[in-house]
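# Tertiary structure, described
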Amino acid sequence: MIAFHEIDGLRIRYKQAGQGEPILLLHGWGGQLESMHPIANALAQQFAVTSIDFPGHGSSSVPPRPWAVSDFLDSTMKLMDRLGLEQPGIVAHSFGGRVSIKLAAAHPRRAGRILFTAGAGVIPPVSIGRRFKRLVGSTAGKLRHAAPTDSFFDRLGKKLLPYFASRDYKNAGELRETLGRVVAEDLTHLLDKIRSKCLLVWGDQDQDTPLYCGETMKRLIPDSELVVFRGAGHFPYIDQMTKFNMLALKFFRE
């Protein structure tokens, strides 16, 4: 069943399927609830699964101002309240990991077991070249945003942006400033506050949230296990779907 709830003036789309203990699926940046269908279809055989579109994603409303991770958390918790999800298990991919880290650290009674897959929130070390590329990409975006249309700086920003900005930034549209705030926030300091049992599933070829992030989470989250999928990238739940779904079902059944 696909439906909408209005949360603080925003229409939030969600889908529910299956019966049993509740599990909440949180997609990555630029995704939508359909992005998590491979997991939802497997888990709904034994659990009551809720998938959502984060604000600004899929068919949910775009926030009226730039948001930080805490704003996405606040919206998610209000939707959880509306749906009666008191302490669901959580599967979090990429950006969904950021929201889940804040949820579990600040509101431990609202988070059941958490399966992070390629979860974001830890800022990995980057090379000087990559730092330079990020800096130029960010500057190009700011030039385009601040400069008058068709001015010298607007034209310069347009020329630089395709070469130096990240794929997510290029595609972020109205959420570009929000994306900038989100990726700049390092949540490493919250990891040791997580009391949920956590399973971390990572691909060793992940270039977006490299294995370093999963290893750091394993080291700092007290009750956590790291499973590495050899040859998988940023979407291990798609790259090795059968293996992932078997792990997920076992984890939430325990």
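Described below are features of the structure shown in this document. Bear in mind that the values here come from a model prediction, so they are computed numbers and not experimental data.

Criteria and thresholds
- Residues numbered from 1 in each chain as written.
- Predicted model: local features only at pLDDT ≥ 70, side-chain atom pairs only at ≥ 80, totals over all residues.
- Heavy atoms only, no water.
- Core = buried A, V, L, I, M, F, W, Y, C linked by side-chain atoms within 4.5 Å.
- Buried < 20%, exposed > 50% of the residue type's maximum accessible area, 1.4 Å probe, protein only.
- Helix = DSSP H or I, 4+ residues; strand = E, 2+ residues; numbered from the N terminus.
- Contact = heavy atoms within 4.5 Å.
- Pairing = 2+ DSSP bridges.
- Salt bridge = Lys/Arg side-chain N within 4 Å of Asp/Glu carboxyl O.
- Phe/Tyr/Trp six-rings, centres within 6.5 Å; stacked < 30°, edge-to-face > 60°.
- Lys NZ or Arg CZ within 6 Å of the ring centre and 35° of its normal.
- Axes fitted to C-alpha atoms, helices over the stretch in contact; angles between N-to-C directions.

This part is about the nonpolar core. F72, I90, V99, I101, F116 and M217 are the most contacted members of the largest nonpolar core, which has 45 residues in total. Here this core takes 7 residues from helix α2 (residues 69-83), the largest share from any one element. Not counting the four nearest positions on each side in its chain, I101 is found in contact with F116, A120, G121, L187, L190, L191, I194 and M217.

Before going further, it helps to spend a moment on the pairing of strand β1 (residues 2-7). Pairing of β1 with strand β2 (residues 10-17), which is carried by 6 bridges, proceeds in the antiparallel orientation. By the bridge assignment for β2, H5 is matched with I12. If you look at the hairpin formed by β1 and β2, you'll find 2 residues sitting between the two strands, and D8 has a positive phi there, around 50°.

Next up on the list: the pattern of salt bridges. When the charged atoms of two side chains with opposite charge come close together, those side chains can pair. Applying the stated criterion to the full structure yields 14 salt bridges. A salt bridge links D81 to R110; its shortest N-O distance comes to 2.9 Å. Taken together, the residues D81 in helix α2 and R110 in the loop between α3 (95-106) and β6 (114-117) connect sequence positions 29 residues apart. Note on D81: relative accessible area 47%, which makes it partly exposed.

Looking at helix α8 (residues 211-220), one finds that the buried residues are L211, C213, G214, T216 and M217. Where the residues of α8 are buried, they touch α3, β6, β7 (198-203) and β8 (224-229).

With that settled, the discussion passes to the packing of aromatic side chains. In this description, an aromatic ring pair is defined by two values, namely the gap between the centres and the angle between the planes. According to the stated counting rule, one finds 10 aromatic pairs in the structure shown. Judged by centre distance (6.3 Å) and plane angle (75°), the rings of W29 and F72 are edge-to-face. Taken together, the residues W29 in the loop between β3 (22-26) and α1 (37-43) and F72 in helix α2 connect sequence positions 43 residues apart. One exposure class covers both W29 and F72, and it is buried. Note on F251 and F252: the rings are 5.0 Å apart at their centroids and 65° apart in plane angle, and the pair reads as edge-to-face. Like F252, F251 is buried. Chaining the aromatic ring pairs together yields one cluster made of W29, F54, W67, F72 and F95. The residue whose ring lies beneath R11 is F4, and the NZ or CZ to ring-centre distance is 3.9 Å. The ring of F251 has R113 lying over it, and the distance from NZ or CZ to the ring centre is 5.2 Å.

Right, let's talk about the sheet that holds β2 for a bit. Overall, mixed pairing links the 8 strands, which are arranged β1-β2-β4-β3-β5-β6-β7-β8 in an open sheet. Of all strands in the sheet, those with a lone pairing partner are β1 and β8, marking the two edges. The average undirected angle you get between the axes of adjacent strands in this sheet is 20°. Helix-sheet contacts for α2 involve β1, β2, β3 and β4 (48-52), and the interaxial angle to β1 is about 115°. In this fold helix α10 (residues 241-253) packs onto β3, β5 (89-93), β6, β7 and β8, with an angle of close to 160° to the strand it touches most, β6.

This next bit is on unusual backbone geometry. A positive phi angle, near 50°, is found at S94, a position not held by glycine. Looking at the element boundaries, S94 is found in the loop between β5 and α3. You can call S94 buried: its relative accessible area is 10%. Even without being glycine, A118 reaches a positive phi, approximately 50°. If you trace the backbone, A118 turns up in the loop between β6 and α4 (128-146). Residue class for A118 comes out buried when judged on its relative accessible area of 0%.

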